[in-house]
Amino acid sequence: MKVAPAIEGARTVTAGPDKAIESQMTEILTHFKGEKGELIPILQQVQQRFGYLPEQAMKRIAEFVHVPASTVFGIGTFYAQFKLVPTGRNIVKICRGTGCYVRGAPRIISEMENKLGIKDGSTTPDLEYTLETVACFGSCALAPVVVVNDKVHGRMTPDAAKKLIDKKS
Ligand code: FES
């Protein structure tokens, strides 16, 4: 798999508005009246459509429901269900809780970071993988635990975890 610099944190795109985002937003907003109370359902639709909340979309929503852009950004950052940067098609979550930690999670995390060429909380430039660490999945008996796209893999080793990625490459 090709490894290139990771996408980290929100980046401001200085080019003009993205026409694809614009037209998709027009389509999404036809299902709403422009009322303030629709903010969260609109954001959910946008998140579902793009996989994150593009800055351009949030500004458009703010105009649509007549609230300051800061209100929309505030909601986007407050709720964990919303992402402000694109996420990968595959979400790899590694537990860093105590039960997993003592059974080797730190090595799994570091080897997966090396394998994907990204750090915890980042996404590969090809948007194939997002790597996250989680406090505890509640499956401590299976420690150490890695979850790929909501499928739980228990009693992981660094090699077994890397194979989960190889299968998808
Ligand atoms: S500590 Fe890892 S699942 Fe609970």
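So, a few notes on the structure that sits alongside this text. Just so we're clear, the structure is a prediction, and the values are computed from it rather than from any experiment.

### Some remarks on the overall build of the protein chain
Next, step 1: Scanning the protein chain for helices and strands turns up seven helices and four strands.
Next, step 2: For the protein chain, the succession of helices and strands along the chain, N to C, is α-α-α-α-β-α-α-β-β-β-α.
Next, step 3: Counting over 169 residues, the protein chain shows a buried share of 22%.
Next, step 4: Of the contacts formed within the protein chain by residues at least 6 apart in sequence, a portion of 63% connects residues at least 24 apart.

### Section: the pairing of strand β1 (residues 90–95)
Next, step 1: With six bridges joining them, β1 and strand β2 (residues 129–134) adopt parallel strand pairing. Residue K93 lies in a different strand from β2, and its bridge partner there is E132.
Next, step 2: Inspection of the sheet shows β1 paired to strand β3 (residues 146–148) by three bridges, in the antiparallel sense. By the bridge assignment, V92 is partnered in β3 with V148.

### Remarks on helix α6 (residues 105–116)
Next, step 1: In a regular helix each residue adds 1.5 Å, so 12 residues correspond to 16 Å; α6 covers 16 Å between its end C-alpha atoms and thus fits that length.
Next, step 2: By the burial criterion, the buried members of α6 are A105, I108, I109, M112 and L116. Down the axis of α6, the smallest arc covering the buried residues is 100°, so these residues share one side. Of the exposed residues in α6, the ones pointing more than 90 degrees away from its buried face are R107, S110 and N114.
Next, step 3: Downstream of α6 by one or two residues, G117 has phi in the positive range, about 75°.

### A look at the packing of helix α2 (residues 39–50) against helix α3 (residues 55–65)
Next, step 1: Running from amino to carboxyl end, α2 crosses α3 at an angle of 155°, the nearest separation of the two axes being 11 Å. Classified by the angle between their axes, α2 and α3 sit roughly antiparallel to one another. Between α2 and α3 lies a crossing whose hand is right-handed. Seen from α2, the contacting residues are L39, I42, L43, V46 and F50; seen from α3, they are A57, I61 and V65.
Next, step 2: The residue makeup of the contact of α2 with α3, split by class, is eight nonpolar, no polar and no charged.

### Here we look at the sheet that holds strand β4 (residues 151–153)
Next, step 1: Reading across the sheet, the four strands line up as β2-β1-β3-β4 and stay open at both edges, with mixed pairing between neighbours. On the outer flanks of this sheet lie β2 and β4, each paired with one strand and no other. Averaged over all pairs of adjacent strands, the angle between strand axes in this sheet comes to 20°, irrespective of strand direction.
Next, step 2: Two strands pair when backbone bridges link them, and β3 and β4 are joined in this way by three bridges, in the antiparallel orientation. Within the sheet, the bridge partner assigned to V146 lies in β4 and is H153.
Next, step 3: Seen against the sheet, α6 touches β1, β2 and β3 and runs at an angle of roughly 155° to β1.

### A short note on the nonpolar core
Next, step 1: Core analysis: the largest hydrophobic core is formed by 17 residues, its most contacted members being I94, I108, M112 and V146.
Next, step 2: Put simply, the parts of the chain that give this core at least two residues each are β1, α6 and β2.
Next, step 3: M25, L43, M58 and I61 belong to the second largest nonpolar core, which has 10 residues in total.

### Concerning the environment of S139
Next, step 1: Looking at where S139 falls in the secondary structure, it is placed in the loop between β2 and β3.
Next, step 2: Of the residues examined, S139 has 16 C-beta atoms within 10 Å and is grouped as partly exposed.
Next, step 3: A C-alpha to C-alpha distance of 9.5 Å links S139 and C95, two positions 44 residues apart in sequence.
Next, step 4: Ignoring sequence-local partners within four residues, the contact set of S139 consists of V145, V152 and G154.

What counts and what doesn't
- Residues numbered from 1 in each chain as written.
- Predicted model: local features only at pLDDT ≥ 70, side-chain atom pairs only at ≥ 80, totals over all residues.
- Helix = DSSP H or I, 4+ residues; strand = E, 2+ residues; numbered from the N terminus.
- Buried ≥ 20, exposed ≤ 12 C-beta atoms within 10 Å, placed from the backbone.
- Contact = placed C-beta atoms within 7 Å.
- Pairing = 2+ DSSP bridges.
- Expected span 1.5 Å × (residues − 1).
- Arc of directions from axis to C-beta.
- Axes fitted to C-alpha atoms, helices over the stretch in contact; angles between N-to-C directions.
- Parallel < 35°, antiparallel > 145°, perpendicular 65-115°, else oblique.
- Left-handed = near helix turned anticlockwise from the far one by under 90°.
- Nonpolar A, V, L, I, M, F, W, Y, C, P; charged D, E, K, R; others polar.
- Core = buried A, V, L, I, M, F, W, Y, C linked by C-beta atoms within 7 Å.

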